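Tertiary structure, described
Take a look at the letters that make up each chain.
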Amino acid sequence: MRRHSEYPRMAEKALAKIRKFEVGDINKILEIEEQAFPKTAYSRETMLHYANSFRDNFVVIEAGSEILGYIIFDMSGHVHSTAVKSAYRRKGFGRMLFMHALRYTKKRLWLEVRSKNSVAIRFYKGLGMETAGRIPNYYGTDDAVIMVLGQKEWGHYVDI
Ligand SMILES: CC(C)(COP(=O)(O)OP(=O)(O)OC[C@H]1O[C@@H](n2cnc3c(N)ncnc32)[C@H](O)[C@@H]1OP(=O)(O)O)[C@@H](O)C(=O)NCCC(=O)NCCS
């Protein structure tokens, strides 16, 4: 049985839609990016490069006029970046973006994440991803953890 506290989350999720990035979104995306990665945020140029290179695979999630988050992935299943605006975290939007990428690529998803980013690692593990390796000092003084979603988990999610 659902807890009462889950109903607002369900309503917000029902109102949210995923669509392709449009150039007019750039300032809102940069705001989310800077909030999520204060020291290492992608620049406007990098974001626009991604928008050009991954036209179908740079998507945003929005509710009304508000952009809640985004994900950038490629057809090999590599997730280049994802973030949700801090005020909208823990409401299931990160998961919705991840599921979109998974359905779209129909492949294994994989990514690098900072070893010190325990929230993101917990998030990815909750989605069934597993640790596949580690690259020492990939982010300067921090290691990258390589995470993959293998075929067995993919089979579980494909009908969602
Ligand atoms: C990681 C991130 C995208 C998750 O987005 P989100 O919308 O908050 O995630 P969801 O609400 O879909 O969470 C799904 C599950 O992940 C886990 N999770 C997410 N955030 C968590 C947290 N702060 N603490 C513990 N578990 C967490 C929970 O299991 C959660 O399910 P629950 O809320 O039912 O318990 C978001 O925290 C973020 O933008 N972080 C900053 C940017 C970043 O680190 N990006 C990843 C870089 S590789």
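As shown above, the structure is provided for reference.
Every value quoted in this text rests on a predicted model; they were computed, and no experiment measured them.

Bringing the sheet that holds strand β4 (residues 79-84) into the picture now. Strand order in this open sheet of four strands is β1-β2-β3-β4, and the pairing throughout is antiparallel. Each end of this open sheet is capped by a strand with a single partner; those strands are β1 (17-20) and β4. The sheet shows a mean angle of 25 degrees between the axes of neighbouring strands, direction not considered. Looking at chain direction, strand β2 (residues 58-63) and strand β3 (residues 66-73) are connected through six bridges and run antiparallel.

Turning next to the sheet that holds strand β5 (residues 110-114). Backbone-to-backbone hydrogen bonds join strands into a sheet, with any given pair of strands oriented parallel or antiparallel. Strands sit in the order β5-β7-β6 across an open sheet of three strands; the sheet is antiparallel. The two strands at the open ends of the sheet, each matched to only one other strand, are β5 and β6 (130-139). Shown here is a sheet whose adjacent strand axes are inclined to one another by a mean of 25 degrees, direction ignored. Note that β6 and strand β7 (residues 142-148) share six bridges and pair antiparallel. Within β7, the position partnered with T131 by the bridge is M147.

This paragraph deals with the site of the ligand. The local shell around the ligand holds 19 residues, among which A36, R89, G94, R95 and G126 are the closest. When residues of the shell around the ligand are traced back to their parent elements, those giving at least two are β4, α4 (93-105), β5 and α5 (118-126). Per element, the largest residue contribution to the shell around the ligand is five residues, and it comes from α5. The residue inventory of the shell around the ligand, partitioned by class, reads nine nonpolar, five polar and five charged. Viewed by domain, the shell around the ligand spans two of them, domain 1 (1-106) and domain 2 (108-160), each represented by three or more residues.

This part is about the pairing of β7. In this sheet, β7 lies alongside β5 in antiparallel orientation, the contact comprising five bridges. Bridge pairing in β7 links L111 to M147. Where β6 folds back onto β7 in an antiparallel hairpin, the turn is made up of two residues, including G140, whose phi is positive at roughly 70 degrees.

Turning next to helix α2 (residues 26-36). Burial in α2 covers these residues: I29, I32 and E33. For α2, the buried positions fall inside an angular range of 100 degrees around the axis, keeping them on one side. Those residues of α2 that are buried are in contact with α3 (44-53), β3 and β4.

The next subject is the nonpolar core. The biggest cluster of nonpolar side chains holds 32 residues, and the ones touching the most others in it are Y70, I71 and A101. Looking at which element gives the most residues to this core, the answer is β3, with six residues. The two domains that each donate at least three residues to this core are domain 1 (1-106) and domain 2 (108-160). Those residues in contact with I71, other than ones at most four positions away along the chain, are V59, V79, T82, L97, F98, H100 and A101.

So, how was this worked out
Residues numbered from 1 in each chain as written. Predicted model: local features only at pLDDT ≥ 70, side-chain atom pairs only at ≥ 80, totals over all residues. Pairing = 2+ DSSP bridges. Helix = DSSP H or I, 4+ residues; strand = E, 2+ residues; numbered from the N terminus. Axes fitted to C-alpha atoms, helices over the stretch in contact; angles between N-to-C directions. Near = placed C-beta within 6 Å. Nonpolar A, V, L, I, M, F, W, Y, C, P; charged D, E, K, R; others polar. Domains from an automatic or database assignment. Buried ≥ 20, exposed ≤ 12 C-beta atoms within 10 Å, placed from the backbone. Arc of directions from axis to C-beta. Contact = placed C-beta atoms within 7 Å. Core = buried A, V, L, I, M, F, W, Y, C linked by C-beta atoms within 7 Å.

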